[in-house]
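Here is how the chains run, residue by residue.
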Amino acid sequence: MAGAGQPVSLAAGSRGGCQRLPAATGEGTGQRGATASRGGTNDGLRSLPLSGHVGFDTLPDQLVNKSIKQGFCFNILCIGETGSGKSTLINSLFNISFDDLVSTHFHPNVRLKAQSYELHESNVRLKLTVVSTVGFGDQINKEDSYQPIVDYIDAQFEAYLQEELKIKRSIFNYHDTRIHVCLYIISPTGHSLKTLDLLTMKSLDRKVNIIPLIGKADSISKTELQQFKRKLIAELVSNGIQIYQFPTDDEAVSQINTIMNGHLPFAVVGSTEVVKIGNKVVKARQYPWGIVQVENENHCDFVKLREMLICTNMEDLVEQTHTRHYELYRSCRLQEMGFRDTDPENKPVSLQEAYEAKRRKFYLELQRREEEMRQKFVQRVKEKEAVLKEAEQRIQAKFEHLMLVHQEEKLKLEKKRKALEEEIALFNMKKANAELLQTQPMVSTPVSLKRDKDRKNSSFT
């Protein structure tokens with residue numbers, strides 16, 4: 001995003017971000033273009049004078065117009081402990097209040113929150129994505145606090161790689177979510193880097209452009225701040241952590257970038273509150289002992305950060321992300337897939353040849369595994385059949401044994417049934433006899449009484 005009065009020097013590239021424009025137009029540039037169109041090779045170029053105006057000196061203007069129409073994208077990863085001022089710093093950088101909920105200190109693990117915005121300045125559109133850490137450094141066990149950050153960055157690289165590997169790609173319309181810069185906010189302890197900071201930056205320095213910042217720098221004195229800066233740089237160097245260095249190969253920004261590299265890490269103060277000082281209204285933090293102006297270079301390095309990050313080196317951050325960090329990830333992933341630029345004899349191999357070789361290798365491996373799985377399957381079937389056959393034999397033997405037991409029990413029951421039937425018949429016979437005996441006295445009693453009566457009557461007569 002160019003500042004007021006500065007020429008626009010950004011153009012959209014094939015990666016959906018920003019790209020450095022070609023060199024300024026001139027006779028030499030025109031001759032190189034004309035020669036390349038005739039020769040078709042970069043070796044042995046001939047310089048040919050042009051007899052008149054051709055028109056390809058308008059290429060930079062064409063690129064600028066196309067880029068402005070397409071718009072730009074920029075993705076910021078802001079890492080810092082809860083309450084370190086991440087949201088306030090982003091709001092101050094872009095002079096806008098982004099909607100961001102206040103985080104607490106009670107998250108069980110670290111997670112990343114991404115929010116995208118479309119910003120307009122003059123006729124330039126910028127799609128800004130801010131990714132901030134939630135719960136970073138709040139856990140008692142901080143062993144895996146940086147792993148979600150690494151996984152997120154790798155996931156964005158993988159998504160872009162998968163888009164590149166498609167047959168029908170849409171890179172120009174693809175929303176590039178790769179992280180272009182990491183603003184790592186360091187707590188102003190005044191002593192040294194925490195172990196978590198060292199581990200996190202060490203795991204990220206080959207994946208993203210890291211710009212270390214000292215947050216809330218108004219909490220320590222200037223003398224302590226300068227000592228703290230020197231101590232941080234010494235610790236970063238001794239631990240082999242590579243932070244982003246502003247490029248010095250471009251003559252237009254070489255001097256200012258060289259100076260700014262000496263001010264790293266930037267000591268920043270963020271604020272969205274405005275305070276009136278005299279006739280001026282400035283963003284500042286007001287304390288009982290005085291006022292800290294955010295945009296006053298005598299108070300903090302906020303202006304330096306915004307100048308370096310947005311106005312001067314935004315395009316270089318995007319380019320470094322693509323040409324350095326993404327290419328490193330891409331080469332490692334392709335090597336994991338089995339692609340090589342050279343064969344075992346160090347001869348160049350085309351992508352098609354590498355693909356065919358990988359395909360043949362994969363097919364042979366697939367056949368081998370298929371045969372191995374088939375043999376395992378056959379072996380397991382045989383083992384299962386043997387087990388089932390043995391189980392069937394056991395069940396058959398048990399069934400035959402149970403049948404014999406059943407027959408014996410059936411015979412015993414039959415004998416018992418017959419004996420019981422005989423007992424029942426005998427009982428019924430005895431019962432009938434008993435009933436017969438009980439009925440006989442009841443019938444003979446009246447006859448005997450009549451005989452006795454007749455005998456008495458005959459005696460009276």
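First, a word on what this report is: a plain description of the structure on this page. (Residues numbered from 1 in each chain as written. Predicted model: local features only at pLDDT ≥ 70, side-chain atom pairs only at ≥ 80, totals over all residues. Heavy atoms only, no water.)

Notes on the overall build of the protein chain
The secondary structure content of the protein chain amounts to ten helices and eleven strands. When each of the 461 residues of the protein chain is scored for burial, the buried share is 34%. Long-range pairs, those at least 24 residues apart, make up 67% of the contacts in the protein chain with a sequence separation of at least 6. Within the structure as shown, the protein chain displays about 30,200 Å² of accessible surface, and the carbon and sulfur contribution to it stands at 54%. (Helix = DSSP H or I, 4+ residues; strand = E, 2+ residues; numbered from the N terminus. Buried < 20%, exposed > 50% of the residue type's maximum accessible area, 1.4 Å probe, protein only. Contact = heavy atoms within 4.5 Å. Areas by Shrake-Rupley, 256 points an atom, 1.4 Å probe, with all protein chains shown as cover.)

With respect to the sheet that holds strand β10 (residues 280-287)
The strand order β9-β10-β11 describes an open sheet built from three strands, whose pairing is antiparallel. Edge positions in the sheet fall to β9 (274-277) and β11 (290-293), since each of these pairs with one other strand and no more. The mean angle between the axes of side-by-side strands here comes to 65 degrees, regardless of whether they run parallel or antiparallel. Pairing geometry for β10 and β11, over four bridges, is antiparallel. Residue pairing in the sheet places Gln286 in a bridge with Ile291 of β11. (Pairing = 2+ DSSP bridges. Axes fitted to C-alpha atoms, helices over the stretch in contact; angles between N-to-C directions.)

Description of the pairing of strand β4 (residues 111-121)
The pairing of β4 with strand β5 (residues 124-134) spans eleven bridges and is classified as antiparallel. In the sheet register, His120 faces β5, and the bridge partner there is Arg125. In sequence, β4 turns back onto β5 through a hairpin of two residues, with Ser122 there showing a positive phi of about 55 degrees.

What to know about unusual backbone geometry
Note that the residue after Leu264, namely Pro265, is joined by a cis bond; omega there is -5 degrees. Along the chain, Pro265 falls in the loop between α7 (251-261) and β8 (266-267). A positive phi angle, close to 50 degrees, is found at Asn95, a residue other than glycine. Structurally, Asn95 can be placed in the loop between α3 (86-93) and β4.

Describing a nonpolar patch on the surface
A contiguous nonpolar surface patch, about 450 Å² in accessible area, is contributed by Phe362, Tyr363, Leu364 and Leu366. Looking at the element boundaries, Leu366 is found in helix α10 (residues 351-460). (Patch = residues over 30% accessible without salt bridge, like charges linked within 9 Å, V, L, I, M, F, W, Y side chains within 5 Å. Salt bridge = Lys/Arg side-chain N within 4 Å of Asp/Glu carboxyl O.)

Observations regarding the nonpolar core
Phe74, Phe94, Leu183, Ile211, Leu305 and Leu309 are the most contacted members of the largest nonpolar core, which has 75 residues in total. With residues up to four places along the chain from it excluded, the contact list for Ile211 reads Val181, Cys182, Leu183, Tyr184, Tyr244, Phe246, Leu264, Leu305 and Leu309. (Core = buried A, V, L, I, M, F, W, Y, C linked by side-chain atoms within 4.5 Å.)

Geometric values such as these leave the question of function open.
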